[in-house]
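Listed below, chain by chain, are the residues.
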Amino acid sequence: MRRWWLLTITLAFSGPVAFAGLSFGQDIRLEAAKKEGKVVWYSSLAVPSTEKIAKMFEAAYPGIKVEAHRTGSQRVLQRVMQELQANIKNADIVHTSDAGHFVLLKEKNLLMKYTPAGVEKFPSGFKDKDGYYYGLRASLSAIAFNPKVISPTEAPKTWKDLLDPKWRGKLVTAHPGYSGFITTHILALVNQYGWDYFKQLAQNKLMLVQSANDPAQVVASGERPIAVNGAEYFFYQTQKKGNPIQIVYPKEGVPLVVSPTAITSFAPHPNAAKLFTDFTFTREVQQVLADSEGLYTGHPEVRYPEDKPKLGDLKLLQVDPEELEKRNQEIKDRFVEFFGA
Amino acid sequence: MPGVTIKGLTKRYGDVAAVEGLDLQVKPGELVSLLGPSGCGKTTTLRLVAGFLKPEAGEIWVGDRCLSSPITVVPPERRRMAMIFQSYALWPHMTVAGNIAYGLRFKKELSKADREKRVKEILRIVQLELSESRYPGELSGGQQQRVAVARALVVEPEILLLDEPLSNLDANLREEMRFEIRRLHEAFGITTLYVTHDQAEAMVISDRIAVLRGGRAVQMGTAEDLFQRPRSRFVAEFIGKTNLVDGIATEPGVVTRGGVRLRVASADLTVGAPVALSIRPHMIELVADHQIGTVSARGDNLLRGTVQRASYLGDAVDCQIQVEGSDVILRVVAPPGLRFRQGETVSLAVAPSACIPLVESAV
Amino acid sequence: MADRLQVFPSRLEGMDRSAPVWVMAALALALLILLPLGWLAYVSVSSEGSLTLAHYRKVFMDPRLQKALWNTVILAFWVGLASLAIGVPMAWLSARTNLPGKRLIRGLMMASFVTPPFLGAFAWVMLAGPNAGFLNKLYRNLTGAEEPLVNIFSMSGLIFVVAIYTFPYVFIMIANTLDLIASDLEEAASILGAGRLQVALTITIPMVAPAILSGFILAVLQALALFGSPAILALPAGFHTITTQIWALFHYPPKTEMAAAFSIPLLLATALLLLLQKKLLGRRGYASVGGKGGQRREIPLGFWRYPALLGCLAVMACSIFLPYGILAKAALSRAWAQPMTWENFTLANFWFTFFEYSSTRLAIVNTLELGIMTACVGAGLVALLAYITNRKIIPGHQILGFLALAPVVIPGVVLAVGLFIAYTRPPLLLYGTLGILFVAYLTKEMPVGYSQSDATFRGIHPELEEAGRILGAGRLRVLREITAPLALSGIIATWCFIFIGVIRELSASIILFTPNTKVMSVVIFDLKEEGQFGAIAVLGLFMLAVTFAIVVLMQSLLGRDFLGAKE
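Only a predicted model underlies this, so the values are computations on that prediction, with no experimental measurement involved.

### Things to note about the overall build of chain C
For chain C, the count of helices and strands is 24 helices and 2 strands. Against the 2.2 N^0.38 benchmark of 24 Å for 567 residues, chain C shows a C-alpha radius of gyration of 25 Å, consistent with a compact globule. Referenced to the eigenvectors of the C-alpha coordinate spread, the extents of chain C come out at roughly 75 × 70 × 50 Å. For chain C, with 567 residues in total, the buried portion stands at 57%. In chain C, of all internal contacts separated by at least 6 residues, the share reaching a separation of at least 24 is 76%. Surface accessibility of chain C: about 23,200 Å² in total, with carbon and sulfur atoms responsible for 70%. When the 40 basic and 28 acidic side-chain charges of chain C are each reduced to a single mean position, those positions are 2 Å apart.

Here it is as structure tokens:
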């Protein structure tokens with residue numbers, strides 16, 4: 001016990017998180033969380049980012065392991081539902097990029113009402129009015145191209161530019177059947193242009209990948225030089241690693257994807273889950289998300305890298321989670337209808 | 001040293017009887033061959049004796065122990081027998097010495113030193129001293145055979161069973177091994193049952209031979225008995241080459257077929273009954289015209305015939321002769337000095353003692 | 001069947017301990033096969049308690065599912081033909097001619113045989129993606145052409161990739177058949193005046209024809225059941241096959257009843273094909289008339305010796321050298337599509353995969369655990385079954401043998417759907433545990449394991465056991481001291497076969513896994529969906545390394561020929 005305290009104190013000074021504000025109540029929760037020993041996190045955040053946050057938490061709270069399971073948003077939901085059907089209660093925290101999921105989960109009484117510490121300062125777009133889920137991060141769904149293959153002058157500037165037949169065989173899209181990011185993206189653009197837009201887009205024979213993070217790799221490798229959608233933060237990360245990729249933020253508007261997180265009502269490790277959720281909403285972690293992952297967040301004090309556009313400078317397209325939930329099946333079906341698989 | 005007594009033994013597979021009501025007696029120290037064509041039930045009989053199969057009826061006794069009956073079968077390992085298999089069944093994962101010593105493990109009364117001594121001794125007897133630590137896969141067929149023999153003999157079984165042990169060897173080696181097995185039998189004197197389909201092999205090796213057919217013993221006796229006094233058409237044909245002549249007993253000691261009239265070895269035939277005669281080819285003599293007188297004086301049957309075909313075999317001439325006055329064709333083995341042309345007419349002499357009426361003529 | 005029972009009597013009679021064995025075996029087989037398939041059939045025709053054909057109607061009226069069905073037919077048929085086109089000439093070359101480097105070819109064939117097809121498909125994405133693919137870039141650089149040489153994201157690309165990992169089945173089948181035909185049979189025709197071509201047309205080909213046809217069917221079966229390759233190559237091109245469609249029907253909200261209804265036709269198709277193959281092979285008796293004893297003389301290739309070798313190596317390059325090479329490159333570079341320079345070189349992928357990515361360790365532990373468990377239980381079970389059927393210990397042993405071979409008709413995806421339905425409800429809630437994967441693997445590997453074991457025990461002459469009995473050893477002692485040591489290397493080989501089969505299994509795992517029961521293949525697939533090429537390459541190479549370690553172990557075990565009796 002003594003050794004453990006010593007460790008914590010050492011870490012408090014050396015680790016990324018300061019413990020200055022630990023109150024008495026949190027102390028009790030920490031003890032309980034330590035007894036639980038781990039927290040199970042179903043996440044749709046990109047693999048390296050998910051792993052990084054897990055490692056940070058484990059460093060800050062030794063003795064509590066993070067069991068992170070990363071897959072696409074739709075797969076996260078599929079896992080949760082399938083497990084419940086088999087009466088398996090495994091997930092503590094669910095985090096996807098499809099806000100509609102949380103509407104669904106809330107309706108089915110599968111979420112715990114919990115307000116993470118410090119979240120009151122976040123803008124309203126990041127908060128569920130009933131207090132069940134909160135936006136952990138946000139990103140944009142943008143266009144990206146490979147400047148080695150397509151000259152920047154020639155590159156598409158707007159969503160409609162992508163419909164030009166000259167891009168036939170040069171485009172890649174991620175899949176709404178896998179990625180909540182893309183479900184959101186599609187709904188935002190459908191609200192803007194209607195389904196016709198996608199029907200026309202499909203004429204250009206797109207390559208289909210699953211994750212919203214995959215187009216970055218496809219574009220960087222040059223397999224398809226232009227991504228018609230995809231997670232902007234992952235484009236950014238790929239670019240930072242020195243890959244040939246440039247991001248386009250169309251003037252007509254860029255879909256903003258807020259990815260909520262929530263604790264499940266059946267969480268086997270509720271205390272650790274609360275601890276972890278609070279941790280992810282601290283300024284420190286939110287800043288890391290912004291710095292190294294290239295994400296946007298709802299935290300007002302977070303500073304963004306110089307080379308990222310300010311959200312205020314862009315026209316943002318947002319979708320209503322309720323509508324997203326209602327039209328989820330329609331989006332997937334029409335997509336398959338147009339694009340084939 | 002006990003003998004083996006088999007009484008009314010029956011083994012069926014479904015509706016087919018492999019062995020049916022077999023009776024057989026093996027005297028202590030005797031080597032008896034079970035001889036017959038494939039499917040005659042000889043291997044099944046051996047496996048019944050070994051205890052691998054359970055009979056539907058009958059009993060198998062060794063000495064005063066009843067080992068098999070439809071009610072109980074003493075398992076093979078408690079029968080105090082040894083067996084030499086057609087495939088030799090040498091264990092490829094054990095050395096020659098390991099194979100031979102295996103059966104001794106179950107002789108608790110022997111000390112380790114005794115066992116080793118016995119293995120050495122038997123290796124010497126079968127002339128495999130130098131191969132002791134080799135694996136069966138490294139030995140020639142003949143050597144493997146000797147290992148199999150050694151493995152069976154070293155345990156000094158009460159009964160030794162052999163299942164066509166020579167059939168995998170080539171012809172020269174096989175002849176050699178026949179004498180070898182006979183020699184070992186004489187040296188050890190173990191009561192032995194020997195299964196074979198090779199009549200020559202059975203004749204060389206056995207004290208007595210049981211000829212099996214359709215799951216029954218059709219005749220049992222010494223090699224000489226069987227050869228000279230076959231009781232049935234089947235035995236006569238199976239043991240050695242023979243001429244079979246089907247005729248009618250016209251007198252108690254005479255059998256007639258068409259124009260051929262033969263005085264025979266016995267004088268108690270029922271007149272008017274059909275009789276089959278067995279005449280061995282080498283018992284028929286070809287006689288020159290000037291010898292006919294002497295031959296008839298001896299009381300031999302005298303026949304005339306036409307040479308249909310004659311083949312020179314080196315140590316003999318094998319010919320087929322169409323007997324005058326009948327449809328009988330006789331096969332004759334003559335000394336090699338004689339020369340025949342096809343179509344030549346010759347005289348034949350057959351002693352009455354060579355004309356064996358078969359008791360079970362119909363079979 | 002009944003007649004056979006009578007003709008081949010039990011060798012070891014008087015076993016009255018058959019009842020528990022029967023009950024155990026029947027129970028095991030029921031849990032493994034009948035229960036899942038029963039549920040599958042039931043769910044496919046039931047709707048809220050009443051029977052209906054609505055699901056089938058829905059499945060077959062849906063144009064998308066029709067398309068998937070049709071795609072699968074095309075894929076399977078062409079894979080069958082392509083496998084023949086590659087496998088038959090190579091088998092003939094290596095069995096009948098003086099081709100140099102035969103050992104090498106056979107060794108590479110083994111490597112191709114054990115390479116997980118989904119890894120091959122993944123490697124071919126990097127090799128022949130129309131724009132970034134290594135080969136296409138090379139082609140463009142050399143010719144200045146605009147269009148790619150090959151587009152792997154297409155039906156023809158998919159057929160190609162599936163075929164280069166399926167043709168070894170044909171190869172093995174044909175090579176074994178050719179080995180059985182003695183040259184005399186061909187020479188008998190030559191001496192009667194037939195020319196070389198005529199000999200081939202009138203003697204050799206008709207004799208191997210059944211093997212060729214059944215090789216074709218085997219390849220078709222493989223292609224029908226495959227999930228990984230179509231998922232990697234067909235989905236990006238915008239088309240489904242039956243297996244990927246069944247998998248997609250499981251996405252939220254799951255349409256289990258549709259998946260079940262879609263599985264049944266696939267099951268029937270494979271069963272039918274297998275039946276056909278059995279018929280063909282059953283009539284093949286004459287192929288072995290010549291027997292092993294016959295002489296085989298090599299046909300001299302003359303000038304064509306080296307061109308033929310080159311051709312064979314080209315094929316192996318497609319299935320081994322190129323894919324392994326590109327995997328190694330991707331594992332060691334920051335950006336797989338960029339040239340291999342110092343700036344691009346990194347070990348970060350290894351570091352990330354083994355030390356940062358938390359799923360790796362879980363998946364490796366799960367995979368090895370499942371591999372070892374399935375291999376141990378499976379090898380034991382099939383050894384028992386094969387022993388029972390070979391020694392005819394209990395009545396009705398043939399049925400056991402048949403059931404052990406039956407799962408060969410069940411594609412992994414279909415089995416998984418059945419298991420999912422059967423074991424997500426009481427009384428046996430296996431979903432979410434390694435248990436359900438264990439059951440799936442055990443069932444899937446049973447036919448391979450059983451045929452291995454069967455061959456093993458067939459090779460142990462019953463007289464070897466009887467010799468022990470008559471010399472004084474009891475039944476168990478004989479089993480321990482004679483049968484077990486003789487069967488050991490065969491059983492270990494079976495173990496290895498099952499283990500290799502398990503660690504590469506994807507098509508059933510992809511439906512049955514849960515986050516805590518991830519296995520390596522699933523993690524690789526997960527990473528593929530995310531586009532993490534470096535990590536996939538690292539894990540793929542790791543999987544190959546484990547596989548080859550096992551293969552080498554197995555060959556050294558089987559190769560050590562102190563079991564000289566086999567020769």
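### With respect to the confidence of the model for chain C
Residue and element names in this part refer to chain C. Overall, the prediction assigns chain C a mean pLDDT of 85, with 92% of residues at 70 or greater. Scored below 50 in pLDDT, residues 1-16 makes 25 contacts in the model with residues more than four places away or belonging to other chains. As scored by the predictor, the complex reaches a pTM of 0.84 and an ipTM of 0.82.

### As for the interface of chain B and chain C
Of the residues lining the interface, 31 residues belong to chain B; the matching set on chain C comes to 27 residues. Both faces combined, the contact of chain B with chain C buries some 2,600 Å², and carbon together with sulfur accounts for 63% of it. The residue Glu466 of chain C makes a salt bridge to Arg47 of chain B at a minimum N-O spacing of 2.7 Å. Broken down by secondary-structure element, the contributors of at least two residues to the side of chain B that touches chain C are strand 1 (4-13), helix 1 (42-50) and strand 6 (81-84) of chain B. The element contributing the most residues to the side of chain B that touches chain C is strand 6 of chain B, with 3 residues. In terms of residue class, the side of chain B that touches chain C is made up of 18 nonpolar, 6 polar and 7 charged.

### Concerning the pattern of salt bridges
This structure, assessed with the given rule, holds 44 salt bridges over all chains. As a salt-bridge pair, Glu164 of chain B and Lys42 of chain B come within 3.6 Å of each other at their nearest N and O atoms. Of this pair, Glu164 of chain B sits in the loop between strand 7 (159-163) and helix 5 (171-188) while Lys42 of chain B is found in helix 1, placing the two residues 122 residues apart along the sequence. A relative accessible area of 9% places Glu164 of chain B in the buried class. Its salt-bridge partner being Arg105 of chain B, residue Glu481 of chain C comes within 3.1 Å of it at the nearest N-O pair. Of the two residues, Glu481 of chain C sits in helix 21 (residues 475-503) while Arg105 of chain B sits in the loop between helix 2 (96-102) and helix 3 (112-125), which places them in two different chains. By relative accessible area, which is 31% here, Arg105 of chain B ends up partly exposed.

### Quick look at helix 3 (residues 47-60) of chain A
Here helix 3 of chain A is 14 residues long and its end C-alpha atoms lie 20 Å apart, about the 20 Å a rise of 1.5 Å per residue gives. The complete set of buried residues in helix 3 of chain A reads Val47, Ser49, Thr50, Glu51, Ile53, Ala54, Met56, Phe57, Glu58 and Ala60 of chain A.

### A word on the sheet that holds strand 16 (residues 301-312) of chain B
Residues and elements named next belong to chain B. With antiparallel pairing, the 5 strands of this open sheet are ordered in space as 15-19-16-17-18. On the outer flanks of this sheet lie strand 15 (284-287) and strand 18 (329-334), each paired with one strand and no other. Mean inter-strand twist for the sheet, computed between neighbouring axes without regard to direction, equals 45 degrees. Of the strand pairs in this sheet, strand 15 and strand 19 (residues 345-350) are connected by 4 bridges, and their pairing is antiparallel. When the sheet's bridge partners are listed, Leu286 is paired in strand 19 with Leu348.

### Quick word on helix 23 (residues 520-530) of chain C
Among the 11 residues that make up helix 23 of chain C, 11 are buried, leaving the element largely enclosed by the rest of the structure. When we look at burial in helix 23 of chain C, the residues that qualify are Met520, Ser521, Val522, Val523, Ile524, Phe525, Asp526, Leu527, Lys528, Glu529 and Glu530 of chain C.

### Let's talk about the domain arrangement of chain B
Residues and elements named next belong to chain B. The domain boundaries assigned to chain B delineate domain 1 (4-236) and domain 2 (242-357). Here the C-alpha centroids of domain 1 and domain 2 sit 40 Å apart. Each partner contributes residues to the interface: domain 1 has 7 residues there, and domain 2 has 8 residues. Here domain 1 meets domain 2 over a buried area of about 610 Å², counting both sides, of which 53% is carbon and sulfur. It is Phe227, Arg233 and Ala236 that lose the most area in domain 1 upon contact with domain 2, and together they represent 76% of the buried surface on that side. Taken together, the links from domain 1 to domain 2 amount to 1 salt bridge. The residue Arg233 makes a salt bridge to Asp246 at a minimum N-O spacing of 2.6 Å. The interface formed by domain 1 and domain 2 holds 3 residue pairs in polar contact (both at pLDDT 80 or more) in total. For the side of domain 1 that touches domain 2, the secondary structure elements donating two or more residues are helix 7 (223-228) and helix 8 (233-238). Among the residues making up the side of domain 1 that touches domain 2, the classes are represented as 4 nonpolar, 1 polar and 2 charged.

### Quick word on empty space enclosed by the protein
A complete count under the given rule lists 7 cavities of 30 Å³ or more for this structure. Thr71, Arg75 and Arg79 of chain A together with Phe513 and Asp526 of chain C are the residues nearest the centre of the largest cavity, which is lined by 19 residues in total. Among the secondary structure elements, those contributing two or more residues to the lining of the largest cavity are strand 2 (65-70) and helix 4 (73-85) of chain A together with helix 22 (509-512) and helix 23 of chain C. Per-element accounting of the lining of the largest cavity gives the leading share, 4 residues, to helix 4 of chain A.

### Focus: the nonpolar core
With 340 residues, the main nonpolar core has Phe198 and Leu201 of chain A together with Met90 and Ile511 of chain C as its most contacted residues. For this core, the element with the highest residue contribution is helix 8 (residues 155-180) of chain C, accounting for 14 residues. Filtering out sequence-adjacent residues up to four positions away, Phe198 of chain A remains in contact with His185, Ile186, Leu189, Val190, Phe338 and Phe339 of chain A. Leu269, Cys319, Val328 and Phe340 of chain B belong to the second largest nonpolar core, which has 28 residues in total.

### Concerning the state of the cysteines
Following the criterion strictly, the structure yields 0 disulfides over all chains and no others. Left unpaired, Cys318 of chain C is separated from the closest cysteine sulfur, that of Cys312 of chain C, by 12 Å.

### Here we look at the interface of chain C and chain A
Tallying the contact residues gives 49 residues for chain C and 51 residues for chain A. Taking both sides of the interface into account, the surface hidden between chain C and chain A amounts to around 3,800 Å²; carbon and sulfur atoms contribute 49%. The largest contributions to the chain C side of the interface with chain A come from Tyr252, Glu529 and Glu530 of chain C, which together make up 20% of the buried area. Put simply, chain C and chain A have 2 salt bridges between them. Note that Glu529 of chain C is salt-bridged to Arg75 of chain A, the shortest N-O span being 2.6 Å. For the pair chain C and chain A, the interface holds 19 residue pairs in polar contact (both at pLDDT 80 or more). Taken together, the elements giving at least two residues each to the side of chain C that touches chain A come down to helix 15 (348-356), helix 16 (358-391) and helix 23 of chain C. The element that contributes the greatest number of residues to the side of chain C that touches chain A is helix 23 of chain C, accounting for 5 residues.

### Considerations on the packing of helix 4 (residues 63-96) of chain C against helix 14 (residues 305-332) of chain C
Residue and element names in this part refer to chain C. Interhelical geometry of helix 4 versus helix 14 gives an angle of 135 degrees and a closest axis separation of 11 Å. As the angle between them shows, helix 4 and helix 14 are arranged oblique. In this structure, helix 4 meets helix 14 at a crossing whose hand is left-handed. For the pair helix 4 and helix 14, the contacting residues are Ile86, Met90 and Leu93 in the first and Ala308, Cys312, Val315 and Met316 in the second. Split by residue class, the contact of helix 4 with helix 14 holds 7 nonpolar, no polar and no charged.

### Examining the arrangement of the chains
Looking at the 2 pairs of chains with contacts, the pair that accumulates the most is chains A and C. A gap remains between chain A and chain B, with no contact made and the closest C-alpha atoms lying 51 Å from each other.

### What about the packing of aromatic side chains?
Under the defined criterion, the tally for this structure stands at 38 aromatic pairs over all chains. An angle of 85 degrees between the planes, with centres 6.2 Å apart, marks the rings of Tyr233 of chain A and Phe234 of chain A as edge-to-face. Tyr233 of chain A sits in the buried class, given a relative accessible area of 1%. Measuring from ring centre to ring centre gives 5.4 Å for Tyr102 of chain B and Phe106 of chain B, while their planes differ by 70 degrees; the resulting arrangement is edge-to-face. Members of the aromatic cluster, connected to one another through ring pairs, are Trp41, Phe57, Tyr61, Phe276 and Phe279 of chain A. Over the face of the ring belonging to Tyr236 of chain A we find Lys308 of chain A, whose NZ or CZ atom lies 4.9 Å from the ring centre.

### Here we look at a nonpolar patch on the surface
On the surface, Leu27, Leu31, Leu35 and Leu428 of chain C cluster together to form a nonpolar patch covering roughly 310 Å² of accessible area. Mapped onto the elements, Leu27 of chain C comes out in helix 2 (residues 18-45).

What counts, and at which threshold
Residues numbered from 1 in each chain as written. Chains lettered and ligands numbered in written order. Predicted model: local features only at pLDDT ≥ 70, side-chain atom pairs only at ≥ 80, totals over all residues. Heavy atoms only, no water. Helix = DSSP H or I, 4+ residues; strand = E, 2+ residues; numbered from the N terminus. Rg over C-alpha atoms; globule rule 2.2 N^0.38 Å. Buried < 20%, exposed > 50% of the residue type's maximum accessible area, 1.4 Å probe, protein only. Contact = heavy atoms within 4.5 Å. Areas by Shrake-Rupley, 256 points an atom, 1.4 Å probe, with all protein chains shown as cover. Lys, Arg positive; Asp, Glu negative; His and termini not counted. Charge placed at Lys NZ, Arg CZ, Asp CG, Glu CD. pLDDT = per-residue confidence, 0-100. Buried area = accessible area lost by both parts, 1.4 Å probe. Salt bridge = Lys/Arg side-chain N within 4 Å of Asp/Glu carboxyl O. Nonpolar A, V, L, I, M, F, W, Y, C, P; charged D, E, K, R; others polar. Expected span 1.5 Å × (residues − 1). Pairing = 2+ DSSP bridges. Axes fitted to C-alpha atoms, helices over the stretch in contact; angles between N-to-C directions. Domains from an automatic or database assignment. Polar contact = N/O pair within 3.5 Å; in protein donor to acceptor, adjacent residues only side chain to side chain. 1 Å grid on protein atoms, 1.4 Å probe; cavity = no way out; pocket = protein on both sides within 12 Å on 5 of 7 lines; lining within 4 Å. Points joined across faces, edges and corners; volume = space filled by probe spheres on them. Core = buried A, V, L, I, M, F, W, Y, C linked by side-chain atoms within 4.5 Å. Disulfide = S-S within 2.5 Å. Parallel < 35°, antiparallel > 145°, perpendicular 65-115°, else oblique. Left-handed = near helix turned anticlockwise from the far one by under 90°. Phe/Tyr/Trp six-rings, centres within 6.5 Å; stacked < 30°, edge-to-face > 60°. Lys NZ or Arg CZ within 6 Å of the ring centre and 35° of its normal. Patch = residues over 30% accessible without salt bridge, like charges linked within 9 Å, V, L, I, M, F, W, Y side chains within 5 Å.

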